[in-house]
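Examining the three-dimensional arrangement
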Amino acid sequence: MQTVLSIAADSLAYGMVLFIISIGLSVTMGLMKVVNLAHGAFAMIGGYIACYATQQLGLPFGVGIVAAVVGTVLIGIPLERFLYRRIYGAPELTQVLMTIGITFIIIGIANFALGPTLKTIPLPSQLQGPVDLGFRSIAAHKLFAVAVGLVVAAALWFIVERTPFGVRLRASVDDAAMAGALGVRTKMVYAVSFALAIGLAALGGVVGAQLLPIEPYYALHYMVTFLVVVSVGGAGSITGALIAALLLGAVQTTGRYIMPEYGEFFFYLAVIEVVAVFPHGLMGRSK
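Residues numbered from 1 in each chain as written. Predicted model: local features only at pLDDT ≥ 70, side-chain atom pairs only at ≥ 80, totals over all residues. Heavy atoms only, no water.

1. Quick notes on the environment of Ala41
Definition in use: Helix and strand definitions follow DSSP, with helices as H or I runs of at least four residues and strands as E runs of at least two, each counted in order from the N terminus. Here, residues are in contact when the closest pair of their heavy atoms is within 4.5 Å.
Following the sequence through the fold, Ala41 ends up in helix 2 (residues 39-56). Through-space distance from the C-alpha of Ala41 to that of Thr72 is 10.0 Å; in sequence the pair is 31 residues apart. Contacts of Ala41, omitting those with residues within four sequence positions, involve Ile106 and Ala219.

2. Quick notes on the side chain of Gln252
The test is simple: Counting of polar contacts relies on pairs of N or O atoms within 3.5 Å, with two restrictions inside protein: one atom must be capable of donating a hydrogen and the other of accepting it, and residues adjacent in sequence are counted only when both atoms are side-chain atoms.
Along the chain, Gln252 falls in helix 11 (residues 238-258). At a separation of 3.3 Å, a polar atom in the side chain of Gln252 contacts the side chain of Tyr14. If we ignore the near neighbours within four places in the chain, the residues touching Gln252 are Tyr14, Glu264 and Phe267.

3. As for the UniProt feature "transmembrane region" (unreviewed entry) in the protein chain
Our working rule: UniProt positions are given in the numbering used here, feature names are shortened, and annotations may be inferred rather than shown by experiment.
Taken from the UniProt record, the annotation "transmembrane region" (unreviewed entry) applies to residues 12-32, 37-55, 61-84, 96-118, 138-160, 188-212, 224-250 and 262-282. Annotation note: span residues 61-84, helix share 92%, strand share 0%, distance between end C-alpha atoms 31 Å. Within the segment residues 138-160, helix and strand shares are 91% and 9% respectively, and the terminal C-alpha atoms sit 33 Å apart.

4. Structural notes on the nonpolar core
Our working definition: We call a set of buried Ala, Val, Leu, Ile, Met, Phe, Trp, Tyr and Cys residues a nonpolar core when their side-chain atoms join them within 4.5 Å. Remark: exposure states derive from per-residue accessible area (1.4 Å probe, protein chains only) relative to the maximum for the residue type, with buried under 20%, exposed over 50%, and partly exposed in between.
Formed by 74 residues in total, the largest nonpolar core has its most connected members in Phe19, Tyr84 and Tyr218. At 10 residues, helix 1 (residues 2-31) tops the list of elements feeding residues into this core. Contacts of Tyr84, omitting those with residues within four sequence positions, involve Val34, Asn36, Ala38, Phe42, Leu79, Met98, Thr99, Ile102 and Phe194. Core analysis: the second largest hydrophobic core is formed by 7 residues, Val27, Val173, Ala179 and Val184 among them.

5. Things to note about the packing of helix 5 (residues 140-162) against helix 6 (residues 164-174)
Geometry of a packed helix pair, given as the angle between the helix axes and the separation of the axes. Quick reminder of the rule: For helices, the axis comes from a line fit to the C-alpha atoms of the stretch in contact; other axes are also lines fit to C-alpha atoms, and the angle between any two N-to-C directions lies between 0 and 180 degrees. Under this scheme an angle from 65 to 115 degrees is roughly perpendicular, one under 35 degrees roughly parallel, and one over 145 degrees roughly antiparallel; angles in between are oblique. In the scheme used here, Gly and all other residues not listed as nonpolar or charged are polar, with Ala, Val, Leu, Ile, Met, Phe, Trp, Tyr, Cys and Pro taken as nonpolar and Asp, Glu, Lys and Arg as charged.
As a packed pair, helix 5 and helix 6 sit with axes 5 Å apart at the nearest point and diverge in direction by 70°. Of the possible angle classes, the one that applies to helix 5 and helix 6 is roughly perpendicular. Packed against helix 5, whose contacting residues are Ile159, Val160 and Glu161, the element helix 6 presents Phe165, Gly166, Val167 and Arg170 at the interface. Residue composition of the contact of helix 5 with helix 6, by class: 4 nonpolar, 1 polar and 2 charged.

6. A few points about the packing of aromatic side chains
Cut-off, in case you're wondering: What counts as a ring pair is set by centres within 6.5 Å for rings of Phe, Tyr and Trp (its six-membered ring), and what kind of pair is set by the plane angle: stacked under 30 degrees, edge-to-face over 60, tilted for all other angles. Whether a charge sits over a ring depends on NZ of Lys or CZ of Arg being within 6 Å of the ring centre and within 35 degrees of the ring normal.
Overall, the coordinates contain 8 aromatic pairs when judged by the stated rule. Taken together, a centroid distance of 6.0 Å and an interplanar angle of 90° make the contact between Phe42 and Phe194 edge-to-face. Placement of the pair is Phe42 in helix 2 and Phe194 in helix 8 (residues 186-207), with a sequence separation of 152 residues. Each member of the pair, Phe42 together with Phe194, is buried. An angle of 45° between the planes, with centres 4.6 Å apart, marks the rings of Tyr84 and Phe194 as tilted. Within this pair, whereas Tyr84 is found in the loop between helix 3 (61-82) and helix 4 (92-114), its partner Phe194 is found in helix 8, the two being separated by 110 residues in sequence. We note that Tyr84, like Phe194, is buried. Pairwise contacts between aromatic rings join Phe42, Tyr84 and Phe194 into one cluster. Here the basic side chain of Arg81 rests over the ring of Phe82, its NZ or CZ set 5.3 Å away from the ring centre.

7. A look at the layout of surface pockets
Sizing a probe to match a water molecule and rolling it over the atoms shows the empty space that remains. Operational definition: Residues are called lining when one of their atoms sits within 4 Å of a cavity or pocket point, these points coming from a 1 Å grid over the protein atoms alone, where a cavity is a set in which a 1.4 Å probe fits but cannot get out and a pocket is an open set with protein on both sides within 12 Å along at least five of seven lines. Grid points are joined across faces, edges and corners, and a volume is the space filled by probe spheres set on the points.
Taken as a whole, the second largest pocket spans an internal volume of roughly 360 Å³. Forming the walls of the second largest pocket are 15 residues, and the residues nearest its centre are Ile45, Tyr48, Ile49, Ala110 and Leu114. Among the secondary structure elements, those contributing two or more residues to the lining of the second largest pocket are helix 2, helix 3 and helix 4. Per-element tally for the lining of the second largest pocket: the top contributor is helix 2, with 8 residues. Residues of the lining of the second largest pocket, tallied by class, amount to 12 nonpolar, 2 polar and 1 charged.

Right, here's the structure in full:
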């Protein structure tokens, strides 16, 4: 029984970390129609900023999270303006080639400037040690990841479905030319959406640093994982990304517990089965 509870707790925490990071990629792919293979690099940047803020500057963990999100967005704004804006609406191969190039450049800079070693983000005392839930103890930082994931899911749903910005975003996606003719500043909408996406990536990079360690090749190591979550859930679907992240997190975690040497096998087997049955993802829309 204890093993089952451990698997469930670890699956939930891992799945939520995947969701926090991957939902930003789902936004860019599903709503903005941009295949951003550099998405994981922005999560890595957020982790590095938080590490520097907490270790070198001695700032509190919460301030480190804010610094990571804001710093990553500030880095991403000129990239969106001068690079990404050029590939909006471009063929997918063009988007892939440019964004994978950005990924390798960021990896090279991180490796040269910060070294190849893993970076740790010190946790506050409140997030260290286990939390007794009565029936089971669970690491506090994992509960924190779950809580952040739920808040992100609820906030994103509200933004997209219940705010004027969400209306403008959906209008720009459905017909950018018509939205522009009606006065919607589509370039600004896309810029804000991009900033939101990479800000979420940075948040996930910090919150999930205990489960997905920060190092220079982070973006490559987890690139496929983030893409898989979006593909299984359906690009642009918040609910789909959440379900996919929890499902795949459970499959991979269970596989690692039961048959560690075949954990990845079960993960990709589940991906193949889901995509075979749902070509556009669990909650995706056919084009």
